[in-house]
Amino acid sequence: MALTPHDIAKMLDHSTLQPFLTEADIRKGCELALRYDCASVCARPCDVPILAEMLSGSDVKVCTVIGFPHGSHETAIKLKEAQLALDEGCTELDMVINIGKMIAGDTLYVKNEIKLLSDAAHARGAILKVILETCYLTDEQKVACCRLAEEAGADFVKTSTGYGSKGCTIDDLKLMRASVSGHVQVKGSGGIRDLDTVLSARAVGASRCGVSATAKIMEEAEKRYAEGTLREVSDLTEMSGGY
């Protein structure tokens, strides 16, 4: 089935999360996302006002991370961080679960935290994506986390921060897609650096990908579209690594 470059762009959350980025870098990232009409720019919490200014009036959403990258902030801090981001114009929140609590089996803690942030986001017309950090979880824990995220009202489950020991894999995306209903979307992140990987993620049901290699991916999409070779794929390539 034929695709357009815009179909690809609307899968991409352009990531500007590296600690060394300057304000000028963030603004360039917004310009890039606007050029291609990406789904969102996902930036550090301190950069939300820049995104709100630069993306105003566009269809590119303002996204930030909560409890990033380790998920170990107190719940009250995560909630305050989310509320401040919403106040500053954020419409998409990507929160990291408390990974240690999940591994220890304290699913009530994890679920309650997700629900608090989900409720806060939805009250302001925003959405919540829940980052599992799959590299640290067993398959059983991944499934359990996906299910409790849906029960808590999350809009997305997401594989990785890109700062763990491993990034996104096709197997994890398949497992996560199978573990939630159609009401919850799946996002891959961590190590997604080319168009083929995005197409592979799409083929197993991911509707978003967190990427910093946006320009490279979109240039390849435009090239293939011009050649008439930008299509859905069925032969899947394993993803690896981090950002």
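Residues numbered from 1 in each chain as written. Predicted model: local features only at pLDDT ≥ 70, side-chain atom pairs only at ≥ 80, totals over all residues. Heavy atoms only, no water.

Engineer: Looking at this model, I keep getting lost on the environment of V180. Mind explaining?
Structural biologist: Position of V180 relative to the elements: it lies in the loop between α8 (170–179) and β7 (185–189). Judged by its relative accessible area of 10%, V180 falls in the buried class. Separated by 29 residues in sequence, V180 and E151 place their C-alpha atoms 9.6 Å apart. (Helix = DSSP H or I, 4+ residues; strand = E, 2+ residues; numbered from the N terminus. Buried < 20%, exposed > 50% of the residue type's maximum accessible area, 1.4 Å probe, protein only.)

Engineer: Could you clarify how one ought to interpret the packing of aromatic side chains in this entry?
Structural biologist: Describing an aromatic ring pair means giving the distance of the ring centres and the angle of the ring planes. Tallied over the full model, the rule gives 1 aromatic pair. Judged by centre distance (5.7 Å) and plane angle (85°), the ring pair of F68 and Y163 falls under edge-to-face. Of the two residues, F68 sits in the loop between β3 (61–66) and α4 (75–87) while Y163 sits in the loop between β6 (156–158) and α8, which places them 95 residues apart along the sequence. If you follow K129 out to its NZ or CZ, it ends over the ring of F156, 5.8 Å from the centre. (Phe/Tyr/Trp six-rings, centres within 6.5 Å; stacked < 30°, edge-to-face > 60°. Lys NZ or Arg CZ within 6 Å of the ring centre and 35° of its normal.)

Engineer: Please clarify how the pattern of salt bridges should be interpreted in this entry.
Structural biologist: Pairing is possible between side chains of opposite charge, provided their charged atoms come close. Enumeration over the complete set of coordinates arrives at 24 salt bridges. Across the pair R208 and D13 runs a salt bridge, and its minimum N-O distance is 2.7 Å. Highlighted residues: R208 in strand β8 (residues 208–211) and D13 in strand β1 (residues 12–16), separated in sequence by 195 residues. Residues R208 and D13 agree in their burial class; the two are buried. For the salt bridge of K129 with E92, the shortest nitrogen-to-oxygen distance reads 2.7 Å. With K129 in strand β5 (residues 127–131) and E92 in strand β4 (residues 92–96), the pair connects residues that are 37 residues apart, well separated along the chain. (Salt bridge = Lys/Arg side-chain N within 4 Å of Asp/Glu carboxyl O.)

Engineer: Any chance you could explain the side chain of R44 here in plain terms?
Structural biologist: Along the chain, R44 turns up in the loop between β2 (40–43) and α3 (48–54). Residue classification places R44 among the buried positions, given a relative accessible area of 14%. Aside from chain neighbours lying at most four places away, what touches R44 is T16, L17, Q18, P19, F20, L21, I26 and T64. (Contact = heavy atoms within 4.5 Å.)

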